Structures are given as structure tokens and as C-alpha cells.
Amino acid sequence: MSRFRDPPDPLFKRMNDSIGFDWRLAPYDVDQSRAHASALATLGVLDAEELEQIVSGLDSIAGELEREEFRIEPVDEDVHMAIERRLTEIAGPVGGKLHTGRSRNDQVATDVSMFVRAHSLTAIELIGELMGRLLELAERHRDWPMPGYTHLQRAQPIYLGHHLLAHFWMLRRDSERFRAALAAAGELPLGSGALAGVNWELDREAIAASLGFERLASNSLDAVSNRDFVLDYLYAAAVCGTHLSRLGQEIVLWSSQEFGFCEVADAFSSGSSIMPQKKNPDAAELLRAKAPRISSRLGSLLGSLHALPLGYSKDMQEDKEALFDAADTIQLCLAAAAGMLGGIEFDREALTAAAADEFPAATDVADMLVRRGVPFREAHGIVASIVRRALAEGRKLSDLGDEELEGLPPELGDEYRRLLEGQGWIDSKVSGPGTSAVRLAEQLEAATEALRELEA
């Protein structure tokens, strides 16, 4: 018997019902309900036969969900009520006992925590697969020179393996952020009730152990109000999506005819409806486009929680669509990125030709002067004037005669030319995180160990 005399307006019902999206929580709600039923049996709320009836009914529901046979009825406001309705249909009136000692507030918080934990683990696994693909490519192309860029202008040459590993380390940080989200979601809210706790001393430790939670929520009001762990997940997904967008953008550039550094496999490309010659790197482009979609989900939930008083408010229902869409999107992007890299082909000749440009050697020429006692700022100015002259006359640095090397001591002319001819600029970068072959070998070992630790 409801305290309401009138039924909900159809418009309000459409606005209020969450069954259209929170059905994604159904498997977690079934698992949680099994653990809760066992706790109720321990308290004597359910006898052994009733517990068996409820668990058997929940098992049947789990089967229906797995076979996609579970039916949503018009009376179902949300997934929790749908499962309780179906349980009562299967097990009889005893199904109505299951809600003893819990509220939908702590029930929802627990289900969402379980969803975040499961999908954090999935993201970490997918990140590991993508890191493995990058490490494999870096090993294979460890000695392939290419130009490095700043401001999208050729800056200094590096090895392709070094560049690919930059994305590897970005992803490792992403895995750490998802681990933080996993840890944040490790606190069991169940037992908090609507906001003040419940009248039953549930064995929360046993429930936590059964469901894989490491800790128990300390404050019932905080527990039902808390969506920090969702924000942590969305932040991890937003940053990871941003990293993937940077990878995607580089592949878009590199696969263009203007660069010609690589070609994306047909399976991750598309053609044009009108131009038969086109091969578009659509998968890489979509990595760019999906990133702001994920970021917007983080912003949306931050907005929903902003200035919200403690206790459950319906605003918090907005956490689910944001979370579900972000999880689906980042998992798709990670899998697609790994697939795309699995078939990518790099053009060594094009990369080497671009890296052979002499102008990026300007820094090495300046360092040559520094070794002779010239202050770096002064050396920078000397080399800048030499570069300016070569560019103005459309010549290479090595084309300039000794008399044209303004500011360069005459005795350094031969060393200057040897430096430009040798093209050993990459292996001169001997600092710890540098691109030289020696440092890259060390970095590959470190990356291999980092991936091993992630997969452990």
C-alpha cells in the first residue's frame, strides 16, 4: 500500500525510471543479493530452506541474464526492483524477505562499486595488451631513425623505438590511475541502509570477503553519498582517452602522403564514397574523437555532484549513464588501438630520409662550441645565424663554405663538417632518458619489466 494516491505522471515516469540503462548492474546485483541472503540467514531472518529458495531463484535469474532471457516489465522502475520482482515470481513470497536490512541506496552504491572494480580490472588488462603491442613495435624498430618534433616542426632526430615507448610509459601511468580507481571502489557500502545504518548487525566482513571488497565503509551517510570512486574511474578513463587521442593523431599525420611514415592496415581503414584512391585512417581519427566524449562524462558527473547535500538525491542517478558509456568507450578504444598497431607498417626509407635533415643538428653544433668554452647562449646565437643564412639561400648546413660560417672559429670548420656528415646525432643523446641506442636498450629492458609487473 503506497502513501501516494495518484500514479506518477508518464513524463515523470520516463524521467525517473532508470531501468533503461541500469540493467547493466544486474549481474552485480545478483551477486550482492546472494551475499546479503547469506548474511540474513546468519542472523536468523532466513531459515535454511528459505535461503536455499532465494539462492536458487537468484541462480535462475543469473541464468536468464546470461542467456539474455530476462524480461523487463512495465512495473520495473529500476534493475533492483526488477530482480526482486522476478525473484518473488520464482521463489514465492520469501523473495520479499531479501530486502530486509538494506536500502536501495546502499544497494545501488554497492552495485556501482562492483561495476567500477570489474571495469577497472578490464581496463588494466586492455592497457597491458596495448603496452605489449607498443613494446613489440619498439623492439622491432629500435634502430630506425626518424625526426622528433616540437610545434610539429622537425626538432631533433630520435629512434622510432624511442618514440613508441613514449606512448608505452603514458599507458603505464594510465594503468596506475585505474588501479587507484580499483582501490577507491574497494570499500563496502552495504549495511549503511538509506543513510543512518540498519537495525540488523550484518556480518559485513563476511559480505565483503564474498564480494571481493577490501574495506568496510565507516560512515553510513558518507557511504550512500559517495561517488568518488566513479569520479576516479572517469578521470582515469578521460586521461587514458586523451593519451590514445595523441597516439591517434600521430598515426593520422604519419600515414598522410605528406609524411609517408607508415600505413594503417586495411582492416582499420576506410575508403571514400567518391575518390577511389583514398585510404583513410579512420580508426586513428576515432581515437581522437572519442577522447572528449569520455572527458565530458567526467564533467557531467562533477556537475551533478556539485553542491549536492549529503544523503541520496536523485541527481546521483546521473552517475550510471556517464559511467557505463565511459567504460564502453575506453574499452573499445584500447582494444581498437591494439588491433590497429598490430597491422601497422612503417616505411624505413621515408623515416630515415626525414631524419637525415641537417638542420636538427644545430643543437649538436652549438654543443660543439660549448665544449670549446663558448657559453651556450652565445653558441646558440652563432649557430642560429648560420642556420638563418642557409635557409635564406636554400642550402644545407654542409653546403656553406668556411668563410660563410659567421662566428664559428676557423679551426672548428673541419669538426663542423665531420659532425654533419656522421649523422651520429641520435647516439650523442646519452642522458638517462635519452634516445641513444645504449639508453634505448636500457629503456626496453625497463619496459619489459614494467609490463611483466603489470601482468603479474
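Everything here concerns the structure above.
Description of the structure in this document. (Residues numbered from 1 in each chain as written. Predicted model: local features only at pLDDT ≥ 70, side-chain atom pairs only at ≥ 80, totals over all residues. Heavy atoms only, no water.)

Time to look at the nonpolar core. Nonpolar side chains tend to gather and get buried jointly when the protein is soluble and globular. Residues Tyr233, Leu244 and Phe346 are the most contacted members of the largest nonpolar core, which totals 105 residues. At 15 residues, the largest contribution of residues to this core is made by helix α6 (residues 104–140). For tyrosine 233, the residues in contact, after removing those within four places along its chain, are Val116, His119, Ser120, Phe178, Ala181, Leu323, Ala327, Ile330 and Gln331. In this structure, Val374, Ala379, Leu420 and Trp425 belong to the second largest nonpolar core, which totals 19 residues. (Core = buried A, V, L, I, M, F, W, Y, C linked by side-chain atoms within 4.5 Å. Buried < 20%, exposed > 50% of the residue type's maximum accessible area, 1.4 Å probe, protein only. Helix = DSSP H or I, 4+ residues; strand = E, 2+ residues; numbered from the N terminus. Contact = heavy atoms within 4.5 Å.)

Counted under the stated rule, the structure contains 26 salt bridges. The structure contains a network of salt bridges with shared partners spanning Glu64, Asp76, Arg85, Arg86 and Glu89. (Salt bridge = Lys/Arg side-chain N within 4 Å of Asp/Glu carboxyl O.)

As a further point, take the environment of isoleucine 61. In this structure, isoleucine 61 sits in helix α4 (residues 48–66). Note on isoleucine 61: relative accessible area 0%, which makes it buried. Separated by 26 residues in the primary sequence, isoleucine 61 and leucine 87 have C-alpha atoms spaced 7.4 Å apart. The contact partners of isoleucine 61, leaving out residues within four places of it in the chain, are Val30, Phe70, Ile83, Arg86, Leu87 and Ile90.

This paragraph deals with the pairing of strand β2 (residues 153–159). Direction of pairing for strand β1 (residues 145–150) relative to β2: antiparallel, over a ladder of five bridges. Directly across from tyrosine 149, in β2, lies its bridge partner arginine 154. In this antiparallel pair of consecutive strands, β1 and β2, the connection spans two residues, and histidine 151 shows a positive phi of 55 degrees. (Pairing = 2+ DSSP bridges.)

Take the environment of alanine 37 next. Tracing the backbone shows alanine 37 in helix α3 (residues 26–43). When the C-alpha atoms of alanine 37 and isoleucine 207 are compared, they prove to be 9.7 Å apart, with 170 residues separating the residues in sequence. Apart from the residues lying within four places of it in its own chain, the contact partners of alanine 37 are Leu46, Leu51, Ile54 and Leu98.

What follows deals with the packing of helix α11 (residues 282–305) against helix α12 (residues 318–342). Interhelical geometry of α11 versus α12 gives an angle of 160 degrees and a closest axis separation of 9 Å. By the angle class used here, α11 and α12 are roughly antiparallel. Relative to α12, α11 is oriented so that their crossing is left-handed. Residues Ala283, Ala284, Leu287, Lys290, Arg293, Ile294, Arg297, Leu301 and Ser304 of α11 lie in contact with α12, whose contacting residues are Glu318, Asp319, Ala322, Asp325, Ala326, Thr329, Ile330, Cys333, Ala337 and Met340. Each residue belonging to the contact of α11 with α12 can be placed in one class, and the counts come to eleven nonpolar, two polar and six charged. (Axes fitted to C-alpha atoms, helices over the stretch in contact; angles between N-to-C directions. Parallel < 35°, antiparallel > 145°, perpendicular 65-115°, else oblique. Left-handed = near helix turned anticlockwise from the far one by under 90°. Nonpolar A, V, L, I, M, F, W, Y, C, P; charged D, E, K, R; others polar.)

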